[in-house]
Amino acid sequence: MQHLPELLARFLIGGAFVCFFSALAEVFRPKSFAGLFGGAPSIALATLALTIAEKGKTYASIEAHFMICGAIAFCCYAMTACWILRRHKPPALTTTLALLPIWFAVSFALWSAAR
Amino acid sequence: MVVHARFAAIKGIKLHEWIIRFVAGGAICVIAGLIANACGPELGGLFLAFPAIFPAGASLVEAHEKQHKARIGYDGTVRGRQIAALDAFGAAMGCVGLAGFALFFWLWSPRASSFLTLVLATLIWLNLAVGCWMLRRKMIPGHKTSHRVDAH
C-alpha cells in the first residue's frame, strides 16, 4: 500500500495538470482546436514524473509502452463519441459515459496483444 | 477560421467546474498509481491515457453553448451537442499526439534526462496533435460543415 503523502501528491499534481490543460481548452478557439487539449498528456505528465522519482526510468518506460494502447483506445472512443454526437445528437454526458466500455475493450485487447 | 486565444474565457469557468476537473484528474492519477502498484506497470500504463475528464469536459462544452444561446433567446440544445462533437473530434486528434508522446517516452526515457524527455515528449504531442488538426482541415472536404459550426 502506498503512503498517504505519496497518494496526496499524485492527487494534487494530477488535478493541477488537468486544470491547466482544461484552462487551455477554454482559451482557444475554434472548438475543434480546443478539443485537442482533451487528448493532452495531463495524467501522463503528472504520473510519469512521480513514477520516475519513486521507481526509476525503466519502470516509467514500461508504463509509457502500454500507455500507447490506452492512447489508441482513447482515439477510437473519441471518434465514436464524435460520430454519434454529430449524427444522432444525444446528450454529451450520457453518450461519453455510455461509450467508456469502448475504451476498456480496445485498450485491454491491445494490452493483451502487446504484453 | 484562424486559431486564436481568448483569455477572458477562463473567467467564465465556474468554481464547481474547476473542482470537477481537479478531482477527476487527481483521482485518476491516484487510481493509475494504485493499479500500477497492484498489477504492475503494464496495466497501470493503460490508465495514463484514460479519458478521465473527457465526459465532464464534453458535457461542460455542451452546457456552455446551451447557456450562450439561451442568453440570446435560442434553444441551444442541438448546437451544444454539435459543439461537443467537435470537441470530441479534437480530442481524437489529440490522442494521435498522445500515442506519439508515449512512444517517444518509451524509447527515450531509459537513455536521457527525465526532464528533457518529458519536455520533448510534450512538444511531440503538441506537434502531432496540431499537425493532425491542420491536415484534417486541409485534406477532408467535409471539414467545411464543422468550419461553419466553429465560426459562430
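This one's a predicted model, so the numbers in the text were calculated from it and none came from an experiment.

What follows covers the overall build of chain A. What chain A contains, in helices and strands, is 6 helices and 1 strand. Seen in sequence order, chain A has helices and strands lined up from the N terminus as α-β-α-α-α-α-α. When each of the 115 residues of chain A is scored for burial, the buried share is 50%. A separation of at least 24 residues holds for 54% of the contacts in chain A among residues at least 6 apart in sequence.

Structurally, the α-helix is built with 3.6 residues per turn, so residues lying three or four positions apart point the same way. Across its 24 residues, helix α1 (residues 4-27) of chain A extends 35 Å between first and last C-alpha, which sits within 8% of the 34 Å expected from 1.5 Å per residue. Considered for burial, the residues of α1(A) that qualify are A:Arg10, A:Phe11, A:Gly14, A:Gly15, A:Phe17, A:Val18, A:Cys19, A:Phe21, A:Ser22, A:Ala25 and A:Glu26.

Attention now goes to the interface of chain B and chain A. Listed per partner, the contact involves 79 residues of chain B and 73 residues of chain A. For the side of chain B that touches chain A, the secondary-structure elements that each account for two or more residues are β1 (4-5), α1 (15-39), α2 (41-46), α3 (54-71), α4 (77-108), α5 (114-139) and α6 (143-151) of chain B. It is α4(B) that contributes the most residues to the side of chain B that touches chain A, 25 residues altogether. Taken together, the residues of the side of chain B that touches chain A break down into 55 nonpolar, 17 polar and 7 charged. Here 2 bridges tie strand β1 (residues 28-29) of chain A to β1(B), and the two strands are oriented antiparallel to one another. Bridge assignment links A:Arg29 to a residue of β1(B), and that residue is B:His4.

What follows deals with the nonpolar core. A:Met67, A:Ala71, A:Phe74, A:Ala78, B:Ala88, B:Cys95 and B:Ala102 are the most contacted members of the largest nonpolar core, which totals 83 residues. At 19 residues, α4(B) tops the list of elements feeding residues into this core. Contact partners of B:Ala88, with chain neighbours within four places excluded, come to A:Gly35, A:Ala78, A:Ala81, A:Cys82, A:Leu85 and B:Ala58.

Here we come to the domain arrangement of chain A. In terms of domain boundaries, chain A breaks down into domain 1 (1-55) and domain 2 (67-115). For domain 1 of chain A and domain 2 of chain A, the distance between their C-alpha centroids amounts to 20 Å.

Residue and element names in this part refer to chain A. By the secondary structure assignment, His-3 is in the segment before α1. Among the residues examined, His-3 registers 8 C-beta atoms within 10 Å and is labelled exposed. As for His-3 and Leu-24, which are separated by 21 residues in sequence, their C-alpha atoms are 32 Å apart.

Right, let's get into the packing of α1(A) against α1(B). The geometry of α1(A) relative to α1(B) is characterised by a closest axis approach of 7 Å and an angle of 135° between their N-to-C directions. With respect to each other, α1(A) and α1(B) are oriented oblique. Considering how the two elements wind past one another, α1(A) and α1(B) form a crossing that is right-handed. Contacts between α1(A) and α1(B) pair A:Leu7, A:Arg10, A:Phe11, A:Leu12, A:Ile13, A:Gly14, A:Gly15, A:Phe17, A:Val18, A:Cys19 and A:Ser22 from the former with B:Trp18, B:Arg21, B:Phe22, B:Val23, B:Ala24, B:Gly25, B:Gly26, B:Ile28, B:Cys29, B:Val30 and B:Gly33 from the latter. Of the residues that constitute the contact of α1(A) with α1(B), the class distribution is 14 nonpolar, 6 polar and 2 charged.

Parameters at a glance
- Residues numbered from 1 in each chain as written.
- Chains lettered and ligands numbered in written order.
- Predicted model: local features only at pLDDT ≥ 70, side-chain atom pairs only at ≥ 80, totals over all residues.
- Helix = DSSP H or I, 4+ residues; strand = E, 2+ residues; numbered from the N terminus.
- Buried ≥ 20, exposed ≤ 12 C-beta atoms within 10 Å, placed from the backbone.
- Contact = placed C-beta atoms within 7 Å.
- Expected span 1.5 Å × (residues − 1).
- Nonpolar A, V, L, I, M, F, W, Y, C, P; charged D, E, K, R; others polar.
- Pairing = 2+ DSSP bridges.
- Core = buried A, V, L, I, M, F, W, Y, C linked by C-beta atoms within 7 Å.
- Domains from an automatic or database assignment.
- Axes fitted to C-alpha atoms, helices over the stretch in contact; angles between N-to-C directions.
- Parallel < 35°, antiparallel > 145°, perpendicular 65-115°, else oblique.
- Left-handed = near helix turned anticlockwise from the far one by under 90°.

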